[in-house]
Amino acid sequence: QVQLVESGGGLVQAGGSLRLSCAASGRTFGSYTWGWFRQAPGKEREIVAAITRSGGSTYYGDAVRGRFTTSRDNAENTVYLQMNSLNPEETAVYYCAARSYDGRLYENPNEYDYWGQGTQVTVTS
């Protein structure tokens, strides 16, 4: 079992930046692949980014590639999502998630076993 707690959400103007954090506790942090997802009202949960346990491989959704960066600090048991050039359409609840590492990165939220409570990101125009 692993417990995840996101932080760093808030209100930002269009074009601004935020950094989200996901602190993990429980079983060995390094045993997991991590994902960031977001869900806007009335929409399905979508992949934002994913990162392997070593941080050596990452994946980004088409909508965020080039603007968002995910990283991890295994010593701090924390995963980060740096979000730049935000736009109002990206207002959503952002979640971090984890699954047992098997060498692959996954886009489908159903592939993840553990979820944080989510943090609200609101981008104003």
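Residues numbered from 1 in each chain as written. Predicted model: local features only at pLDDT ≥ 70, side-chain atom pairs only at ≥ 80, totals over all residues. Heavy atoms only, no water.

Chemist: What's the story with the packing of aromatic side chains in this structure? I'm lost.
Modeler: Two numbers describe a pair of aromatic rings. These are the distance of the centres and the angle of the planes. Applying the stated rule across the entire model yields 6 aromatic pairs. With a centroid separation of 6.2 Å and an interplanar angle of 80°, the aromatic rings of Tyr-95 and Trp-115 are classed as edge-to-face. On the criterion of sequence distance, the pair formed by Tyr-95 in strand 9 (residues 92-100) and Trp-115 in strand 10 (residues 114-115) is long-range, its members being 20 residues apart. With 6.4 Å between their ring centres and 65° between their planes, Tyr-112 and Trp-115 make a pair best called edge-to-face. Judged by relative accessible area, Trp-115 falls into the partly exposed class, the value being 27%. (Phe/Tyr/Trp six-rings, centres within 6.5 Å; stacked < 30°, edge-to-face > 60°. Helix = DSSP H or I, 4+ residues; strand = E, 2+ residues; numbered from the N terminus. Buried < 20%, exposed > 50% of the residue type's maximum accessible area, 1.4 Å probe, protein only.)

Chemist: Help me out: how do you make sense of the sheet that holds strand 8 (residues 78-83) in this one?
Modeler: Sheets are built from strands that pair by backbone hydrogen bonding, the pairs being arranged parallel or antiparallel. Reading across the sheet, the 4 strands line up as 1-3-8-7 and stay open at both edges, with antiparallel pairing between neighbours. Of all the strands in the sheet, just strand 1 (2-7) and strand 7 (68-73) have a single pairing partner and so form its edges. Taking the axes of each pair of neighbouring strands and ignoring which way they run, one obtains an average angle of 15° across the sheet. As defined by bridge partners, strand 3 (residues 18-26) adjoins strand 8 across 6 bridges and the pair is classed as antiparallel. (Pairing = 2+ DSSP bridges. Axes fitted to C-alpha atoms, helices over the stretch in contact; angles between N-to-C directions.)

Chemist: Before we go on, may I ask you to explain the nonpolar core in this structure?
Modeler: Side chains of a nonpolar character, in soluble globular proteins, are inclined to be buried together. One finds Leu-4, Trp-34, Leu-81, Met-83 and Tyr-94 to be the most contacted residues of the largest nonpolar core, which totals 28 residues. Listed by contribution, the elements that provide at least two residues to this core are strand 1, strand 3, strand 4 (32-39), strand 5 (46-51), strand 8, strand 9 and strand 11 (119-124). Setting aside chain neighbours within four positions, we find Met-83 in contact with Gly-16, Ser-17, Leu-18, Leu-20, Arg-67, Phe-68, Tyr-94 and Val-121. In terms of nonpolar packing, the next biggest core, distinct from the first, is built from 6 residues, Ile-47, Ala-50, Ala-97 and Tyr-106 among them. (Core = buried A, V, L, I, M, F, W, Y, C linked by side-chain atoms within 4.5 Å. Contact = heavy atoms within 4.5 Å.)

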